[in-house]
Amino acid sequence: MTYQVILPAAGQGKRMGAGKNKLLLTLNEIPVLIHTLRVFDEDEACDGIILAIHPQDEEEFKALLKKHKIKKVINLVPGGKERQHSIYNALKTVKSAGIILVHDAARPFIQKEHIHRLTEKAVETGAAIIGVPAKDTMKKVQDGIVAETVERSSLWAVQTPQAFRISLLKEAYDHAEKDQFLGTDDASLVERLNHSVAMVEGDYDNIKLTTPEDLFFAEAILKKRSF
Ligand code: CTP
Ligand code: MG
C-alpha cells in the first residue's frame, strides 16, 4: 500500500495576518511547512510529494527543503488563485496510477496511523476522507435567527488528508473545471460524480492553522506529544 501526496502550500495566510505565508511561521523553531512535510517524508508508504507553491515563496521554500533534508518532493508546481486550482495544477503532473492523497500543508499534526487507515480505505472504496464527529450542537442560522437545530449525530467535521484513486480524482477535477464548480474540499468534487466517499474517524488534534489563536493550540498539542 503506497501513495503519492499533493500538499497545497500556495496560500497567502490572510486570516493568520502574519504578513507572510503562515507555513513559514515556526513551531519549536521549525517551520509549519517542514513539520507537515516530515510526516510524509518519513512515512515508508509515501512514494512522492507534489508541492504547490506561490511563486513569491519559491526561493525560501527550496532553501528550507534543502536545509531540512526533505527527500521525497518529486515536483514543485505553481499554485493557482484558489486552493482547488493549486491542487489541479499538481494533479495534472501525476503520472502514476494508484492512490493520491491531498493534504493541507497547514495541518502539521496528522499522524501516520491515520494516513495508513485512510489509504487502506481508499484502496478498498476509491474515495475516503478523514474527519471527526461534531462536538457542539449545530444550528442553521438565517439572517441572525435560528432556522433549525440540525441532528448532530450525523454531522462530522471534515479534515485532510483525503484519499482517492488517481483516475477518479482526475475525472472529478476535470468535471469541476468544465462546470466551473468550486468546492470547499476535494471529496465534494467526487460526490458530484455520484461516487460514494467513505469517512474514516481521525483525531481532534489534526487542526488547520488558520487564525492567530490556532498557534496557541498548536503549542499545546506539541507539548502534549512531548510527554
Ligand atoms: N492553498 C493553496 N493555494 C491557494 C490557497 C490555499 O495551495 N490558492 C493552500 C494553503 O497554503 C493551505 C491550504 O491550501 O496549506 C488550506 O488553505 P487555507 O487554510 O485557507 O490557507 P490560506 O489560503 O493560506 O489562508 P487564508 O485563506 O487565511 O488566506
Ligand atoms: Mg485560503
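Residues numbered from 1 in each chain as written. Chains lettered and ligands numbered in written order. Predicted model: local features only at pLDDT ≥ 70, side-chain atom pairs only at ≥ 80, totals over all residues. Heavy atoms only, no water.

**Description of the site of ligand 1**
Argument step 1. If you check the shell around ligand 1, you find 19 residues, and the closest are Gly-13, Lys-14, Arg-15, Ser-86 and Lys-208.
Argument step 2. In this structure, Pro-8 approaches ligand 1 through a main-chain N or O atom, which is 2.8 Å from an oxygen atom.
Argument step 3. Lys-208 has a polar side-chain atom sitting 2.6 Å from an oxygen atom of ligand 1.
Argument step 4. With the chains in place, 88% of the 570 Å² that ligand 1 exposes on its own is no longer accessible. (Near = heavy atom within 4 Å. Polar contact = N/O pair within 3.5 Å; in protein donor to acceptor, adjacent residues only side chain to side chain. Areas by Shrake-Rupley, 256 points an atom, 1.4 Å probe, with all protein chains shown as cover.)

**Some remarks on the packing of aromatic side chains**
Argument step 1. Inspection of every chain in the model, using the stated rule, returns two aromatic pairs.
Argument step 2. Aromatic pair Tyr-3 and Phe-40: ring centres 6.3 Å apart, planes at 85°, arrangement edge-to-face. One end of the pair, Tyr-3, is in strand 1 (residues 3–8); the other, Phe-40, is in helix 1 (residues 32–41), with 37 residues separating them in the sequence.
Argument step 3. Positioned over the ring face of Tyr-88 is Lys-92, at 4.1 Å from the centre of the ring. (Phe/Tyr/Trp six-rings, centres within 6.5 Å; stacked < 30°, edge-to-face > 60°. Helix = DSSP H or I, 4+ residues; strand = E, 2+ residues; numbered from the N terminus. Lys NZ or Arg CZ within 6 Å of the ring centre and 35° of its normal.)

**Remarks on the pairing of strand 10 (residues 156–165)**
Argument step 1. Of the strand pairs in this sheet, strand 6 (residues 99–102) and strand 10 are connected by four bridges, and their pairing is antiparallel. Considered in strand 10, the bridge of Val-102 is made with Gln-162. (Pairing = 2+ DSSP bridges.)

**What to know about the sheet that holds strand 7 (residues 127–133)**
Argument step 1. Here seven strands make up an open sheet; going across it, the order is 5-4-1-6-10-7-11 and the pairing mixed. Of all the strands in the sheet, the pair left with one neighbour each is strand 5 (73–78) and strand 11 (198–201). The sheet shows a mean angle of 25° between the axes of neighbouring strands, direction not considered.
Argument step 2. Summarising the sheet, strand 1 and strand 6 pair through four bridges and their orientation is parallel. (Axes fitted to C-alpha atoms, helices over the stretch in contact; angles between N-to-C directions.)

**Here we look at the environment of Gly-79**
Argument step 1. Relative to the helices and strands, Gly-79 resides in the loop between strand 5 and helix 3 (83–91).
Argument step 2. What makes Gly-79 partly exposed here is its relative accessible area of 23%.
Argument step 3. Note: C-alpha distance between Gly-79 and Ala-45 (34 residues apart in sequence) is 25 Å.
Argument step 4. Every residue in contact with Gly-79, bar those within four places of it in the chain, is listed here: Ala-10, Ala-52, Ile-53, Ser-86 and Asn-89. (Buried < 20%, exposed > 50% of the residue type's maximum accessible area, 1.4 Å probe, protein only. Contact = heavy atoms within 4.5 Å.)

**With respect to the pattern of salt bridges**
When charged atoms on two side chains of opposite charge get close, those side chains can pair.
Argument step 1. For the structure on display, the rule yields 13 salt bridges.
Argument step 2. Lys-81 is paired through a salt bridge with Glu-82; the nearest N and O atoms lie 3.7 Å apart.
Argument step 3. A salt bridge links Arg-83 to Asp-104; its shortest N-O distance comes to 2.8 Å. Here Asp-104 lies in the loop between strand 6 and helix 4 (112–125) and Arg-83 lies in helix 3, a separation of 21 residues in the sequence. (Salt bridge = Lys/Arg side-chain N within 4 Å of Asp/Glu carboxyl O.)

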